[in-house]
Amino acid sequence: MASKPKSSGVGARRDATPKTVRVLLVDTDQGISELIQQSATTGEQVQLVYARSLTEARAKLTEKSVDIAVINPQLPDGSGLDLASELDKSRRITATILIGDEPDAESAMKALRVGASDFIVKPFEKKDADERIRKVIAKQRKRRDQAQRVRRLRRLCKKLNQARVDVSKQVDILCNDLVTAYQELAGQ
């Protein structure tokens, strides 16, 4: 006897393959891109997009969205904090990590104010970068999964609401038919 395929429950994943995490690195030092790529690729599929300036980063963001943006606050054409703030205020689900040369509390506070998930001080150790980037990737995956669940629930709510409207119309028709039948019976 053939067994029936198991139906996936509410919390079941549709596929076990990991999704690619797109990481935007905005920094003038391209050597950091290799370190970020090595840090992020442990067990993850990562697509690294590199930009040297705010203008280039904004252009890349218009092409395709990213999951994580690693941004240096000091860029040749402006402040990376502005880009981090823009990403925080946008409707995108993008986590930001700021990487800077200034290891002071004020820099960290500025990073938090613009919605950054973390602030890494350069030069940083690969082990430290590994841990922090993996944590942000895990957090970002949870946020993406939650956003997908919310979109699915909204679609289901719309369907349920439309079904409620349809049932209400049918009930109104039945009530009108009952009233008409009652009036005919009363007239006889």
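Residues numbered from 1 in each chain as written. Predicted model: local features only at pLDDT ≥ 70, side-chain atom pairs only at ≥ 80, totals over all residues. Heavy atoms only, no water.

1. Details of the environment of Leu-112
If you trace the backbone, Leu-112 turns up in helix H4 (residues 105–113). Linking Leu-112 and Ser-85, residues 27 residues apart in sequence, is a C-alpha distance of 9.9 Å. (Helix = DSSP H or I, 4+ residues; strand = E, 2+ residues; numbered from the N terminus.)

2. So, the nonpolar core
Ranked by size, the top nonpolar core spans 20 residues in total, and within it Leu-24, Val-26, Ile-71, Leu-83 and Leu-98 carry the most contacts. Only strand E1 (20–26), strand E2 (45–51), helix H2 (54–63), strand E3 (68–71) and helix H3 (80–89) provide two or more residues apiece to this core. Considering every element that reaches this core, the biggest residue donor is H3, with four residues. Those residues in contact with Leu-83, other than ones at most four positions away along the chain, are Val-26, Leu-54, Ala-57, Arg-58, Leu-61 and Ile-71. If you look at the next biggest cluster of nonpolar residues, it comprises 17 residues, including Ile-32, Ile-99, Ile-133 and Ile-137. (Core = buried A, V, L, I, M, F, W, Y, C linked by side-chain atoms within 4.5 Å. Buried < 20%, exposed > 50% of the residue type's maximum accessible area, 1.4 Å probe, protein only. Contact = heavy atoms within 4.5 Å.)

3. Remarks on the packing of H2 against H3
Two elements in contact, H2 and H3, have axes separated by 10 Å at closest approach and are oriented at 20°. One element, H2, and the other, H3, form an angle in the roughly parallel class. Between H2 and H3 lies a crossing of right-handed hand. Across the interface between the two elements, Leu-54, Ala-57, Arg-58 and Leu-61 of H2 pack against Gly-80, Asp-82, Leu-83, Glu-86 and Leu-87 of H3. A per-class count over the contact of H2 with H3 returns five nonpolar, one polar and three charged. (Axes fitted to C-alpha atoms, helices over the stretch in contact; angles between N-to-C directions. Parallel < 35°, antiparallel > 145°, perpendicular 65-115°, else oblique. Left-handed = near helix turned anticlockwise from the far one by under 90°. Nonpolar A, V, L, I, M, F, W, Y, C, P; charged D, E, K, R; others polar.)

4. Concerning the sheet that holds strand E7 (residues 118–121)
Strand order in the open sheet formed by five strands is E2-E1-E3-E6-E7, and the pairing between neighbours is parallel. Strand pairing shows two members of the sheet lacking a second neighbour, E2 and E7, which therefore form its edges. The average undirected angle you get between the axes of adjacent strands in this sheet is 20°. Across four bridges, the pairing between E1 and E3 is parallel. Each bridged residue has a counterpart across the sheet, and for Val-23 the counterpart in E3 is Ile-68. The strands touched by H3 within the sheet are E1, E3 and strand E6 (95–100), with E3 carrying the most contacts at an inclination of about 165°. (Pairing = 2+ DSSP bridges.)

5. Description of the environment of Gln-30
Among the structural elements, Gln-30 can be located in the loop between E1 and helix H1 (31–40). If sequence neighbours within four positions are ignored, Gln-30 has contacts with Tyr-50 and Arg-52.

6. Description of a positive patch on the surface
A contiguous patch of positive charge, built from Arg-151, Arg-152, Arg-155 and Lys-159, is present on the exposed surface. By secondary structure assignment, the location of Lys-159 is in helix H5 (residues 126–187). (Patch = residues over 30% accessible without salt bridge, like charges linked within 9 Å, V, L, I, M, F, W, Y side chains within 5 Å. Areas by Shrake-Rupley, 256 points an atom, 1.4 Å probe, with all protein chains shown as cover. Salt bridge = Lys/Arg side-chain N within 4 Å of Asp/Glu carboxyl O. Lys, Arg positive; Asp, Glu negative; His and termini not counted. Charge placed at Lys NZ, Arg CZ, Asp CG, Glu CD.)

7. Quick look at H5
In a regular helix each residue adds 1.5 Å, so 62 residues correspond to 92 Å; H5 covers 90 Å between its end C-alpha atoms and thus fits that length. Turning to H5, its buried residues are Ala-129, Asp-130, Ile-133, Val-136, Ile-137, Gln-140, Arg-141, Arg-144 and Ala-147. (Expected span 1.5 Å × (residues − 1).)

8. A closer look at the pairing of E6
Along E6, six of the six residues are buried, which leaves the element largely enclosed by surrounding structure. Here E6 shows a buried face lined by Ala-95, Ile-97 and Ile-99 and a second buried face lined by Thr-96, Leu-98 and Gly-100. Pairing of E3 with E6 involves four bridges; the strand directions are parallel. By the bridge assignment for E6, Ile-68 is matched with Ala-95.

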